[in-house]
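Fold and geometry: a report
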Amino acid sequence: MTTAAAGTVVLSSAAGAHAEPIPTVASVKEQVDKLNEQAEVSTEKYDGLKARQQQLQATANQMQDRIAAGQDRMNQLRTQLGAVASAQYRNGGIDPSVQLVLSADPDSYLQRASAQNQATDSTTALLKELQGEQRRMDQDRKDAAATLAELASSTTAMAAEKKDVQDRLAQAQALLNKLSAADRAKVNAQSTAAAAASRSASRPTYNGPATGRAADAVRFAYAQLGKPYVWGATGPGSFDCSGLTGAAWAAAGVALPRVSQDQWNAGQHVAKADLQPGDLVFFFGDLHHVGIYIGNGQMIHAPRTGENVMVLPLDAMGGSYMGAVRP
């Protein structure tokens, strides 16, 4: 009896020790916000790697075209040298210099022909051209190999960043799933002021003071309100933060770099007191978030996974404002 009672106490204590605490809305929100911010950092890295990958692929394609053109040229030169040999054969024998041309690589030929004083002007000119083409092809092949190696490395890094984003978003969703539907809605909601601002701007009614290209960029941003945030997206149906700002200024005829950190260097830096509609506004120490200023202390931005492009006061970003750039 005593033993059984003691066993019951032990089991009860063990169960209590392993019981998972019920998460509070505040704790889940804090963790979800942190995970979403980390996911956005990785998203910007992913975007940068993807842009670099596209550049490398274009470069590799150009190199392959150049190598193919060089090979065609070398084949033409060899055909010309073959024609010289045929003509000489019909006239009684192939000149020793041409034999060297057809039996040795260009560098070896020039060395031997020079030493033996056998190179004629015509064959030497052809050989020098062939030699130059061969050297260009060798360099192109080396450059292409280096580009393809960097492309492979970039692809691997991009896959790692993609997995990091997906893992963090999955962790955030797992935390949200521990809450009731009502509590999940609370966690996902923006602050009251931000939500009110978003609702008031739910229809694109831009008629602000911006002019010229800035007006075009702001007008484009207004037209995207309500479209979903999707990491890595640049439109037209969805955007991430730098994808939205890049698309807005592209609509105004200005090409911005793909990622927020590079957009930081894509124009003139302006003080907060001097902000004008169309300016890019940046947040967090590593500049991983960017929006487009629309006036009255507000911006349009693509917030994070699960939310839509919206209007938000600059000050609603928790004091993380870092500065602004005018493209």
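Residue positions are given per chain, counting from 1 as you read along its sequence in written order. Per-residue local features are limited, in this predicted model, to residues with pLDDT of at least 70; the limit for side-chain atom pairs, both in listing and counting, is 80 or more; totals at the level of whole chains, interfaces and linings are taken over all residues. Only hydrogens and water are set aside when side-chain values are computed; all heavy atoms of the structure are taken into account.

Here, nonpolar core refers to any group of buried Ala, Val, Leu, Ile, Met, Phe, Trp, Tyr and Cys residues whose side-chain atoms link them within 4.5 Å. Burial status follows relative accessibility: with a 1.4 Å probe on protein chains alone, a residue under 20% of its type maximum counts as buried, one over 50% as exposed, and anything between as partly exposed. Core analysis: the largest hydrophobic core is formed by 36 residues, its most contacted members being W249, F282, I292, I300 and V309. Put simply, DSSP H or I for four residues or longer makes a helix, DSSP E for two residues or longer makes a strand, and each gets a number counted from the N terminus. Elements that contribute at least two residues to this core include exactly α2 (25-90), α5 (121-177), α8 (212-223), α9 (241-251), β2 (280-283) and β3 (289-295). With six residues, the single largest contributor to this core is α8. Here, two residues are considered to be in contact whenever any of their heavy atoms come within 4.5 Å of each other. Among all residues touching I292, those that are not within four sequence positions of it are A217, V218, A221, T245, A248, W249, G278, D279, V281, M299 and I300. Counting residues in each nonpolar core, the second largest holds twelve residues, with F284, M299, M317 and A324 among its members.

Here the focus is the sheet that holds strand β4 (residues 298-301). Each pair of strands is called paired provided DSSP finds at least two bridges between the two strands. Judged by pairing direction, the sheet is antiparallel, and its six strands sit side by side in the order β1-β6-β2-β3-β4-β5 without closing on themselves. Every other strand in the sheet has two partners, leaving β1 (268-270) and β5 (310-313) as the edge strands with one partner each. Between one strand axis and the next, the sheet turns by 40 degrees as a mean value, whatever way the strands run. Here β1 runs beside strand β6 (residues 321-326); their pairing, made up of three bridges, is antiparallel. Across the sheet, residue Q268 finds its bridge partner in β6, namely R326. In this description, a line fitted to the C-alpha atoms serves as the axis of each element, helices being fitted only across the stretch in contact, and the angle between N-to-C directions of two axes falls anywhere from 0 to 180 degrees. Those strands touched by α8 are β3 and β4, and its axis lies near 110 degrees from that of β3. Its contacts with the sheet put α9 on β2, β3 and β4, and the angle it makes with β3 is roughly 45 degrees.

The contact between α8 and α9 brings their axes to 7 Å, and the two run at 130 degrees. Here α8 lies oblique to α9, going by the angle between them. Crossing of α8 against α9: the hand is right-handed. Across the interface between the two elements, R213, A214, D216, A217 and F220 from α8 touch A247, A248, W249 and A251 from α9. A class-by-class count of the residues in the contact of α8 with α9 yields seven nonpolar, no polar and two charged. Should an angle lie under 35 degrees it is considered roughly parallel, over 145 roughly antiparallel, and from 65 to 115 roughly perpendicular; all remaining angles are considered oblique. Crossing handedness follows the turn of the near helix against the far one: under a right angle anticlockwise gives a left-handed crossing, and clockwise gives a right-handed one. Residue polarity follows a fixed list, in which Ala, Val, Leu, Ile, Met, Phe, Trp, Tyr, Cys and Pro are nonpolar, Asp, Glu, Lys and Arg are charged, and the others, Gly among them, are polar.

Turning our eyes to something else, we now look at the pairing of β2. Of the two faces of β2, the one lined by L280 and F282 and the one lined by V281 and F283 are each fully buried. Inspection of the sheet shows β2 paired to β3 by four bridges, in the antiparallel sense. Across the sheet, residue F283 finds its bridge partner in β3, namely H289.

Another point: α9. Since one α-helical turn is 3.6 residues long, residues separated by three or four positions face the same way. The buried count for α9 comes to nine of eleven residues, which makes it a mostly enclosed element. If you check which residues of α9 are buried, you get C241, S242, G243, L244, T245, G246, A247, A248 and W249.

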